[in-house]
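Next come the chains, spelled out residue by residue.
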Amino acid sequence: MKEHHIFPTFIMSFDLEGKYDKEALVADYVHHDHGLVESPDGESGSSFGYTNSYLKNNLKFHSLLDTLQDCVNAYTKKMSLVDCVITNTWINCYKPGGKAILHRHEASLISGAFYPKIVGKNAGDLILHSPLRPYRMYDIFSEPNKLNSYYHSLEAKEGILYLFPSWCDHETEICQAEKRYVLSFNTDYAKNHK
């Protein structure tokens, strides 16, 4: 017998602990309501500062932006994709009870979720949804396993970056930590930005 696991969805993670100044990175956070962030107290939201490019327009963050771009380059190389560049970045801050609702990132190829700072425990994992679910409308599983799961959780852990296809629907679990900061970004083909 030989197994063939076809149509994989490629996700990469990187441990960037020690490669950025977490206090400086979140110091410029300014609350703005964000349509994809739900919070019972209304305080969770995002910082779109610097014209929707939190890192690019602030010189003190260029080293981190270069590091994130290196990670994107590793992803594109593994997937044999044409070169991509990070186009916009923003930070969300989640407080207890806050969560990101189900969404995907339109007009982007690869998306990133980087957790620069988490205060407390149970920050709420990132949940990716299988794109195959609509096509498996008659499958009945006797028990869950990695071949039939419609969801996959990635731990929200300080210093970790996740890269995933932008078409992948995702959401987060409810944050129970005091604060969870996540820096998110989108990408586009480099040839479109010359």
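Our structure's up above, just so we're on the same page.
So, here is what we can say about the structure in this document. Treat the numbers as computed from the prediction; the structure is a model and nothing was measured.

**Section: the pattern of salt bridges**
At step 1: All told, the structure shown has five salt bridges when counted by the stated rule.
At step 2: Here Glu-23 and Lys-117 are joined by a salt bridge, their closest N and O atoms 2.9 Å apart. One end of the pair, Glu-23, is in helix H1 (residues 22-27); the other, Lys-117, is in strand E6 (residues 110-119), with 94 residues separating them in the sequence.
At step 3: Relative accessible area serves as the criterion here: at 43%, Glu-23 is assigned to the partly exposed category.
At step 4: In this structure, Asp-139 and Arg-136 form a salt bridge, with 2.9 Å as the shortest nitrogen-oxygen distance.

**Re the environment of Asp-70**
At step 1: Along the chain, Asp-70 falls in helix H3 (residues 62-79).
At step 2: In this structure, the C-alpha to C-alpha distance between Asp-70 and Val-85, residues 15 residues apart in sequence, is 9.8 Å.

**Structural notes on the packing of aromatic side chains**
At step 1: Summed over all chains, the structure comprises six aromatic pairs.
At step 2: Their ring planes at 80° and their centres at 4.9 Å tell us that Tyr-20 and Phe-114 sit as a pair that is edge-to-face. Here Tyr-20, found in the loop between strand E1 (12-15) and H1, pairs with Phe-114, found in strand E6; they are 94 residues apart in sequence, far enough to count as distant. Considered together, Tyr-20 and Phe-114 belong to a single accessibility category, that of buried residues.
At step 3: Taking 5.8 Å as the distance between ring centres and 80° as the angle between the ring planes, the aromatic pair formed by Tyr-29 and Tyr-181 counts as edge-to-face. Remark: Tyr-181 occurs in strand E11 (residues 179-189) and Tyr-29 occurs in the loop between H1 and strand E2 (37-38); sequence separation between them is 152 residues.

Conventions adopted
- Residues numbered from 1 in each chain as written.
- Predicted model: local features only at pLDDT ≥ 70, side-chain atom pairs only at ≥ 80, totals over all residues.
- Heavy atoms only, no water.
- Salt bridge = Lys/Arg side-chain N within 4 Å of Asp/Glu carboxyl O.
- Helix = DSSP H or I, 4+ residues; strand = E, 2+ residues; numbered from the N terminus.
- Buried < 20%, exposed > 50% of the residue type's maximum accessible area, 1.4 Å probe, protein only.
- Phe/Tyr/Trp six-rings, centres within 6.5 Å; stacked < 30°, edge-to-face > 60°.

Limitation: the analysis is restricted to geometry and does not speak to function.
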